[in-house]
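Descriptive analysis of the structure
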Amino acid sequence: MKLLKHIGIIIASVLIVLGIPLWCSGGLHSLFSSDPDSVSSASVILDKPSGQYYIMINKEMRRDEDTLQDWITFFLICNEGMSNTGGNAGNTMMVVAMNPNTGKIRLMMFTWDTFLDYEGYDVPQKIDMPYRNNGPEETMKVFNDNFDMGISLYLSLNYLNLASLIDNYGGVDIDISRAERNALNGMVASKKQAIQAQADAGLLSQLVVELLADEYYLEDYGPDTHLNGLQAVGYGWLQYDSVYNCCLREVKVVANLFSQVAKTISERVVFYTEENGYPDSVNGRRVINLDALTDEDVEFLRAEVAPIFQMSYHNLTEEDIISMTETLARVAYAASRQGVNIFSSLEYDVFPLEATQPYESIAGTMGHLIDKEANREAMLKFMYTDKDLME
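Calculation criteria
- Residues numbered from 1 in each chain as written.
- Predicted model: local features only at pLDDT ≥ 70, side-chain atom pairs only at ≥ 80, totals over all residues.
- Heavy atoms only, no water.
- Axes fitted to C-alpha atoms, helices over the stretch in contact; angles between N-to-C directions.
- Helix = DSSP H or I, 4+ residues; strand = E, 2+ residues; numbered from the N terminus.
- Parallel < 35°, antiparallel > 145°, perpendicular 65-115°, else oblique.
- Left-handed = near helix turned anticlockwise from the far one by under 90°.
- Contact = heavy atoms within 4.5 Å.
- Nonpolar A, V, L, I, M, F, W, Y, C, P; charged D, E, K, R; others polar.
- Polar contact = N/O pair within 3.5 Å; in protein donor to acceptor, adjacent residues only side chain to side chain.
- Buried < 20%, exposed > 50% of the residue type's maximum accessible area, 1.4 Å probe, protein only.
- Pairing = 2+ DSSP bridges.

This part takes up the packing of helix H5 (residues 178-200) against helix H6 (residues 206-213). Contact pair H5 / H6: the axes reach a minimum separation of 8 Å and the direction vectors enclose 160°. Regarding the angle of H5 to H6, the classification is roughly antiparallel. In this structure, the crossing between H5 and H6 has a hand that is left-handed. Counted together, Lys192, Ile195, Gln196 and Ala199 of H5 and Gln206, Val209 and Ala213 of H6 form the full contact between these two elements. For the contact of H5 with H6, the class distribution of residues is 4 nonpolar, 2 polar and 1 charged.

What follows concerns the side chain of Asp241. Summarising the element assignment, Asp241 is placed in the loop between helix H7 (229-237) and helix H8 (243-266). Only 2.7 Å separates the side chain of Asp241 from the side chain of Arg249, close enough to count as a polar contact.

All right, on to the side chain of Thr114 then. Mapped onto the elements, Thr114 comes out in the loop between strand E4 (104-110) and strand E5 (115-116). For Thr114, a relative accessible area of 0% gives the class buried. With residues up to four places along the chain from it excluded, the contact list for Thr114 reads Gln125, Lys126, Ile127, Pro352, His368 and Ile370.

Most of E4 sits inside the fold, with 7 of its 7 residues counted as buried. Of the two faces of E4, the one holding Lys104, Arg106, Met108 and Phe110 and the one holding Ile105, Leu107 and Met109 are both buried throughout. Pairing between E4 and strand E13 (residues 347-351): 5 bridges, direction parallel. Looking at the pairing, Met108 lines up with Asp349 of E13.

Burial of helix H4 (residues 159-168) is extensive: 10 of the 10 residues sit out of reach of the surface. Of the positions making up H4, those classed as buried are Tyr159, Leu160, Asn161, Leu162, Ala163, Ser164, Leu165, Ile166, Asp167 and Asn168. Capping the start of H4, Asn158 holds a side-chain oxygen 3.1 Å from the backbone nitrogen of Leu160, two or three residues further along. With its phi angle positive at about 95°, Gly170 sits one or two positions after the end of H4.

See below:
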């Protein structure tokens, strides 16, 4: 049965990739999320952060910062719409920095109620406006213009594909409160109704509904509550208390998805290097020497992360994908050498610096006006410092 469900998830994901761009509409956004303008600044701050959908990879690094040469940086943009390529949907952005030499991963969340300068507009616009206008490419450009970044690649997922991806890697385990559980059940119920309506209209396969939303009601809550894909996406969207707290929840989802991907790889592979020698115990797993990767090794690792690229819209070449895959393998190895799962113990922070301050109004729209230079400096310090921020 597990094999059949796994095959079903992949089939459903293909249907989603092919079908969703045909029926994406702005009106559907109101079914899934309240207007961010109606949400106040954070009044109750959760203990830990969270994020999702679009990945934009910065291969060039910052040419003016020698200390950044060992880091790989990429965006994760959380979109609430149903298209892989854009549309009238809100989103939250995350920037992730990985150092394959040290095994460190830093994750920085940017809330969608942040105002940025946007060429062509007389007043600052919220950070999700570029995506609404022209998708991840425009988002990338506006973020780079505001913070002097050099991001050039992207990978984006609509929310149903994200849910399918989470299911593909076995779901996620999240610490969830009773209040969050109750709000989550209402959120996911509304999503199921919307998905079913699309299936009834012949715009989406019924198989998608059955695989993603058949078992949506959550009874459990507390530490390590297991969530399936649609539940996890819904949890990351909960903003009944504040946009800031919603972003914290999203970080949990993404961190745990990374953990599940790493777990899948570690169950099948043992890595080693020439310096540290052949592993003492392999327990039937494939053994890979990171100092002498063969074509077969690369093909094997590429297959382990293939769903990420199969379920997305991106401009990565095969060389880019292989490079990213090898980097993740080295990060996983560095984590294993340190005796920790770095994918489940990310160092994280939420930006802008003004994220918990009262809103200001721009042309009748509420949000956060920011000090761009101060935020840029704080971002660089957080993401690329050699100090272990979790100590």
